[in-house]
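Examining the three-dimensional arrangement
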Amino acid sequence: MQVILRQLGDCNIRRAEPSDLIPVMEINLKTLPEHYSDYFYESLLAEVPEAFIVAEIGGKHVGYIMCKTEYGFSNFKKLGFVKKGHVVSIAVLDDYRQKGIGRILVEESVKGIKLKNCDEFHLEVRCSNNDAVRLYEKLGFVIRQQLNAYYRDGEDAYLMAIEID
Ligand code: ACO
Ligand code: ZN
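The following paragraphs examine the structure supplied in this document.

The rules behind these values
- Residues numbered from 1 in each chain as written.
- Chains lettered and ligands numbered in written order.
- Predicted model: local features only at pLDDT ≥ 70, side-chain atom pairs only at ≥ 80, totals over all residues.
- Heavy atoms only, no water.
- Salt bridge = Lys/Arg side-chain N within 4 Å of Asp/Glu carboxyl O.
- Helix = DSSP H or I, 4+ residues; strand = E, 2+ residues; numbered from the N terminus.
- Buried < 20%, exposed > 50% of the residue type's maximum accessible area, 1.4 Å probe, protein only.
- Donors = N, O, S within 2.8 Å, 3.2 Å for Na, K, Ca; no water.
- Contact = heavy atoms within 4.5 Å.
- Polar contact = N/O pair within 3.5 Å; in protein donor to acceptor, adjacent residues only side chain to side chain.
- Axes fitted to C-alpha atoms, helices over the stretch in contact; angles between N-to-C directions.
- Parallel < 35°, antiparallel > 145°, perpendicular 65-115°, else oblique.
- Left-handed = near helix turned anticlockwise from the far one by under 90°.
- Nonpolar A, V, L, I, M, F, W, Y, C, P; charged D, E, K, R; others polar.

**Some thoughts on the pattern of salt bridges**
- For the structure shown, the criterion picks out 14 salt bridges.
- R126 serves as the salt-bridge partner of D153, at 2.8 Å between the closest nitrogen and oxygen. Placement of the pair is D153 in the loop between β7 (142-147) and β8 (157-163) and R126 in strand β6 (residues 120-126), with a sequence separation of 27 residues.
- For D153, a relative accessible area of 55% corresponds to the exposed category.
- With a closest N to O distance of 3.0 Å, R126 and E155 form a salt bridge. With R126 in strand β6 and E155 in the loop between β7 and β8, the pair connects residues that are 29 residues apart, well separated along the chain.

Structure below.
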């Protein structure tokens, strides 16, 4: 059964299902240089379906966000060991950007990560990716670290994080 979370005009934002994975991989291939194995997509959907979300317009997939959870040191508290959500990847197809879809994907993933009882949510983003950094900042993420040569091509990443109440 499809779980529709939000609607934005004719765009449905809903939880992903196994049949969404191929279209999600296609969006990933078109929009980002970081790609993953089929198995990895399947395992994220199996493990954190609450925060694996797609945007669809009239049967066409236009965006996705997918996340994992992990235990580790807090990005906020000294010496704290916490459960954390981690945005693995988010993208919206070029023609569908700047309509608010990206924002809703992140907002709904925050809700999904809350359901997983995480204390924090974080992500890595290329320092040059102004659009994405601005979106995350608007939603309350803050830059906590700069990770040197994080990407294969040598670019640095910002580690951005938000505390979940
Ligand atoms: N009319 C005009 N502008 C609007 C409207 C509207 N109706 N709705 C929102 N906007 C503006 C927002 O205010 C925002 O403006 P700003 O950049 O000046 O602050 C801008 O549009 C973007 O916001 P959204 O529309 O919510 O986001 P979008 O759907 O464009 O998606 C994303 C953002 C996902 C970063 C997109 O640019 C993308 O897919 N980029 C390529 C892939 C990528 O870089 N992904 C992130 C990598 S990092 C990681 O995956 C952890
Ligand atoms: Zn992480």
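**Focus: the coordination of the zinc ion (ligand 2)**
- The coordination sphere of the zinc ion (ligand 2) contains the protein donors E70 (OE), H86 (ND1) and H122 (NE2), at a distance range of 1.9 to 2.1 Å.
- Written as a sequence motif, the donor residues of the zinc ion (ligand 2) are E-x15-H-x35-H. Of the two residues, E70 is situated in strand β4 (residues 60-73) and H122 in strand β6; the sequence distance between them amounts to 52 residues.
- With relative accessibility at 3%, the residue H122 sits in the buried group.

**Things to note about helix α1 (residues 21-31)**
- Every buried residue of α1 is accounted for by L21, P23, V24, M25, I27 and N28.
- Where the residues of α1 are buried, they touch α2 (38-47), β3 (53-57), β4 and β5 (81-92).

**Looking at the environment of E163**
- Considering the arrangement of structural elements, one finds E163 in strand β8.
- On the basis of relative accessible area, E163 is assigned to the partly exposed category, the value being 43%.
- A C-alpha to C-alpha distance of 28 Å links E163 and T31, two positions 132 residues apart in sequence.
- Leaving out residues up to four positions away in the same chain, E163 has contacts with F76, K77, D119 and E120.
- A polar side-chain atom of E163 sits 3.5 Å from a polar atom in the side chain of K77.

**Describing the packing of helix α3 (residues 101-115) against helix α4 (residues 130-138)**
- Where α3 meets α4, the closest approach of the two axes is 10 Å, and the angle between their N-to-C directions is 50 degrees. Judged by the angle between their axes, α3 and α4 are oblique. Taken as a pair, α3 and α4 cross one another with a handedness that is right-handed. In this structure, α3 contributes G102, R103 and V106 to the contact, and α4 contributes L135, Y136 and K138.
- Per-class residue counts for the contact of α3 with α4 are three nonpolar, one polar and two charged.

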